[in-house]
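Each chain, letter by letter, is given below.
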Amino acid sequence: MSPTSPAFVILFVVSLIAAAGNMGLQSVLPNIGRTFGLADTLVAAAFAISALMWTVASPFWARLSDRAGRKNVILIGLVGFVISMAGFGVGATFGLEGWLAPITAFVLMAVARTVYGVLGSAAPIASQAYVADRTSPEQRTQAMSLLASAQGLGTVVGPVLSPFLVLPIVGLAGPMYAFALIGLVVLLVVWKRLPSGDVVRQPTARGGDGKGLWRDPRVRDFLLYGLLVTSAQAVNIAVLGFHIIDEMAETGLPAAQAQAFIGVAMFAGAAATLMVQWGLIPLLKMQPLALMRWGAGLALAGNLLSMVAPGYFGVVVGYAVVSMGVGFARPGFTAGSSLAVGAHEQGAVAGLMMSLAGLSFLVPPVAGVALYGLGEAAPFGANAVLLAAAMVMALFSTTLRRDPNPLTIDTPSPETPPASQPGPEGGR
């Protein structure tokens, strides 16, 4: 699959809109919580519920994408995204307008996030497996890096657009309505334009559906490393909005006017990620092990910087350095795990990697926000411990240090059935 092919461009947009919507929501959520008068930890818990559902549902969608086809599962994920964004917007509007009590409106918002956790995880899992189906082992690291960069671009688009979508009638809920509408357009494009049924997939020789793969020594250390890095990132994201609101409050700026500053900080982090994934990784042709080492090291440095750098600009620079690190690390452990298994296990390993997104937003954000309430530097110190452990793994784990041999990767024969079985979308 070429990065310029229509199919890859469509998958790129799917990942982009999902990231843009979620980061756009994340950028306004602290202000919504403060307006409702809710505890910061309760606001962070809204994402924890979604993360729990994401973690539980991810393996199911991975297995279903093997049976029902990647495209069908991507469509299910996009439906979940649209419903979730619209539902969250309705809950926010009802609370902000006083039509519901704040806690009741918040429950409605949490339900909408639960819908995303259950259904929304389907699209990125199937997208990753779709790309893995159609790339050789030699191409996969670069392809996965480019697909991951769509998330980086989305984290630019979401926070940058969100302040402009806070409109007089819908207020802070405006970004959610806008992203729901965009998601609906993307859903229609995928349904009409994304090809399926044009590659072959090796039938599973063992295990059938990838159950128990998380215990497999080939991928276990990739999962642990990824969990450490993504958990630290989840803490940084959850704390960022509250941190900036408090920093700006010291200058006399009210919380309602801090939204643009939150957007700038998120833009800086996303731009740093894109610089890595669009510039440095392709230029240096870095392989998974190097990506993981640089990723853990830079993310560690960013958190240490956040502990000592003063003021708003210190927050922005620290977050940007962390984002650079994650920009290296994520394609590293994602591509590394994909290369470590056979062609018949790509759907299962994609599900495992996507489960990390759920696990990392389950407990770490709530714990990070709680630590922030105890002391400004506390969540960054906890992150430093997690990332130091990830760095040790990248340096000394025999699994992570082993470069997969492309000759050992399963190569399907012409007689094997299609990876995306013909379904309602047809067998294009």
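Before reading on, note that the structure itself is shown above.
None of these values were measured; they are calculated from a predicted model.

A. How the structure looks around the pattern of salt bridges. Per the stated rule, a full pass over the model turns up five salt bridges. The partner of Arg34 in a salt bridge is Asp246, and the shortest N-O contact between them spans 3.5 Å. With a gap of 212 residues between them, Arg34 in helix α1 (residues 6–36) and Asp246 in helix α8 (residues 220–249) connect regions that are remote in the sequence. The closest approach of N and O atoms between Arg134 and Asp133, which form a salt bridge, is 3.8 Å. If you follow the salt bridges from partner to partner, you end up with Asp66, Arg70, Asp133 and Arg134 in one network.

B. Just helix α7 (residues 174–193), in detail. In a regular helix each residue adds 1.5 Å, so 20 residues correspond to 28 Å; α7 covers 29 Å between its end C-alpha atoms and thus fits that length. When α7 is considered as a whole, its buried residues turn out to be Gly174, Pro175, Met176, Phe179, Ala180, Gly183, Val186, Leu187 and Val190.

C. Layout of the environment of Ala370. Along the chain, the position of Ala370 falls in helix α13 (residues 364–374). By relative accessible area, which is 34% here, Ala370 ends up partly exposed.

D. Quick look at helix α3 (residues 70–96). A rise of 1.5 Å per residue sets the reference length of α3, with its 27 residues, at 39 Å; its end C-alpha atoms lie 39 Å apart and thus fit the reference within 8%. Among the 27 residues that make up α3, 19 are buried, leaving the element largely enclosed by the rest of the structure. Phi for Gly98, located one or two positions after α3, is positive at around 80°.

E. Up close: the packing of α1 against helix α2 (residues 40–68). One can describe the packing of α1 onto α2 by two numbers: an axis separation of 9 Å at closest approach and a directional angle of 150°. Between α1 and α2, the interaxial angle falls into the category roughly antiparallel. Every pair of crossing elements has a handedness; the one defined by α1 and α2 is right-handed. Residue-level inspection shows Asn22, Leu25, Gln26, Leu29, Gly33 and Arg34 of α1 in contact with α2, the latter providing Asp40, Val43 and Phe47. Along the lines of polarity and charge, the residues of the contact of α1 with α2 split into four nonpolar, three polar and two charged.

F. Spatial organisation of the packing of aromatic side chains. According to the stated counting rule, one finds seven aromatic pairs in the structure shown. Look at Phe94 and Trp99: their rings are 5.4 Å apart centre to centre, the planes differ by 80°, and that puts the pair in the edge-to-face class. Residue class for Trp99 comes out exposed when judged on its relative accessible area of 56%. Among the aromatic residues, those joined into a cluster by ring pairs are Phe261, Tyr312 and Phe313. The lysine or arginine in question, Lys192, covers the ring of Trp191, its NZ or CZ lying 4.4 Å from the ring centre.

G. Here's a closer look at the environment of Glu247. Turning to its location among the elements, Glu247 is positioned in helix α8. Between the C-alpha atom of Glu247 and that of Pro310, which follows or precedes it by 63 residues, the distance is 9.3 Å.

H. Structural context of the nonpolar core. With 69 residues, the main nonpolar core has Ile32, Ile74, Met176, Val190 and Leu194 as its most contacted residues. Here this core takes 14 residues from α1, the largest share from any one element. One finds Leu289, Val349, Leu356 and Ala394 within the second-largest nonpolar core, a separate group that totals 27 residues.

Here is what the cut-offs are and how they apply
Residues numbered from 1 in each chain as written. Predicted model: local features only at pLDDT ≥ 70, side-chain atom pairs only at ≥ 80, totals over all residues. Heavy atoms only, no water. Salt bridge = Lys/Arg side-chain N within 4 Å of Asp/Glu carboxyl O. Helix = DSSP H or I, 4+ residues; strand = E, 2+ residues; numbered from the N terminus. Expected span 1.5 Å × (residues − 1). Buried < 20%, exposed > 50% of the residue type's maximum accessible area, 1.4 Å probe, protein only. Axes fitted to C-alpha atoms, helices over the stretch in contact; angles between N-to-C directions. Parallel < 35°, antiparallel > 145°, perpendicular 65-115°, else oblique. Left-handed = near helix turned anticlockwise from the far one by under 90°. Contact = heavy atoms within 4.5 Å. Nonpolar A, V, L, I, M, F, W, Y, C, P; charged D, E, K, R; others polar. Phe/Tyr/Trp six-rings, centres within 6.5 Å; stacked < 30°, edge-to-face > 60°. Lys NZ or Arg CZ within 6 Å of the ring centre and 35° of its normal. Core = buried A, V, L, I, M, F, W, Y, C linked by side-chain atoms within 4.5 Å.

Function-wise, these values are silent; they only describe arrangement.
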